[in-house]
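Working through the structure, step by step
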Amino acid sequence: MSGIEISKERKSALVEKVRGYLSEEFDLEIGGFEVEFFIDFLAKEMGAGFYNQGLHDAQAIVSLKLEDISDAIYEIEKPVN
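To start, this report covers the structure provided alongside it. (Residues numbered from 1 in each chain as written. Predicted model: local features only at pLDDT ≥ 70, side-chain atom pairs only at ≥ 80, totals over all residues. Heavy atoms only, no water.)

Remarks on the overall build of the protein chain
- Each helix and strand counted, the protein chain has 2 helices and 0 strands in total.
- On C-alpha atoms alone, the protein chain measures out to a radius of gyration of 22 Å, which is more than a quarter above the 12 Å that the 2.2 N^0.38 rule sets for 81 residues.
- Each of the three principal axes of the protein chain carries a C-alpha extent, and together these read 75 × 30 × 20 Å.
- For the protein chain, the distance from the average position of its 8 positive side-chain charges to the average position of its 17 negative side-chain charges is 5 Å. (Helix = DSSP H or I, 4+ residues; strand = E, 2+ residues; numbered from the N terminus. Rg over C-alpha atoms; globule rule 2.2 N^0.38 Å. Lys, Arg positive; Asp, Glu negative; His and termini not counted. Charge placed at Lys NZ, Arg CZ, Asp CG, Glu CD.)

Some thoughts on the packing of aromatic side chains
- Using the criterion set out here, one finds 2 aromatic pairs in the structure.
- Taking the centre distance of 5.9 Å and the plane angle of 75 degrees together, the rings of Tyr-21 and Phe-26 count as edge-to-face.
- Judged by relative accessible area, Tyr-21 falls into the partly exposed class, the value being 47%.
- When the centroid spacing of 4.8 Å and the interplanar angle of 85 degrees are considered together, the rings of Phe-33 and Phe-37 count as edge-to-face. Of the two residues, Phe-33 and Phe-37 are both situated in helix 2 (residues 32-75); the distance of 4 residues between them amounts to about one turn of the helix. (Phe/Tyr/Trp six-rings, centres within 6.5 Å; stacked < 30°, edge-to-face > 60°. Buried < 20%, exposed > 50% of the residue type's maximum accessible area, 1.4 Å probe, protein only.)

Some thoughts on the environment of Gln-53
- Inspection of the secondary structure assignment puts Gln-53 in helix 2.
- According to the relative accessible area criterion, Gln-53 is partly exposed, its value standing at 43%.
- The spacing of Gln-53 and Gly-3 is 50 residues in sequence and 16 Å in space, taken between C-alpha atoms.

What about unusual backbone geometry?
- If you check the backbone angles, Asp-27 has positive phi at about 50 degrees while not being a glycine.
- With respect to the helices and strands, Asp-27 occurs in the loop between helix 1 (8-26) and helix 2.

Some remarks on a negative patch on the surface
- Residues Glu-67, Asp-68, Asp-71 and Glu-75 make up a contiguous surface patch of negative charge.
- Mapped onto the elements, Asp-71 comes out in helix 2.
- Overall, Asp-71 belongs to the partly exposed group, its relative accessible area being 45%. (Patch = residues over 30% accessible without salt bridge, like charges linked within 9 Å, V, L, I, M, F, W, Y side chains within 5 Å. Areas by Shrake-Rupley, 256 points an atom, 1.4 Å probe, with all protein chains shown as cover. Salt bridge = Lys/Arg side-chain N within 4 Å of Asp/Glu carboxyl O.)

Thoughts on the packing of helix 1 against helix 2
- At a closest axis distance of 9 Å, the pairing of helix 1 and helix 2 adopts a crossing angle of 105 degrees. The angle between helix 1 and helix 2 places the two elements in the roughly perpendicular class. Judged by residue contacts, Lys-11, Leu-14, Val-15, Val-18 and Arg-19 of helix 1 engage Gly-32, Val-35, Glu-36, Phe-38, Ile-39 and Asp-40 from helix 2.
- Partitioning the contact of helix 1 with helix 2 into residue classes produces 6 nonpolar, 1 polar and 4 charged. (Axes fitted to C-alpha atoms, helices over the stretch in contact; angles between N-to-C directions. Parallel < 35°, antiparallel > 145°, perpendicular 65-115°, else oblique. Contact = heavy atoms within 4.5 Å. Nonpolar A, V, L, I, M, F, W, Y, C, P; charged D, E, K, R; others polar.)

Following this line, the structure appears as structure tokens:
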């Protein structure tokens, strides 16, 4: 599996969010270039964990839906004499 890829537009939005958060919560002004490196670090070190959790969450939803489908099929079965 390759690394987590973030589009340029998405990364720009994340940079602004992180800069705003650091400014509001810690009164820390940091440049966009530094924040980009921080986002890259987070993606590299933590991205796979978040990605995997998303996969597990999706798998749980699909499993529930498959159970619903199985129940629906069972309900419309015709009796066999």
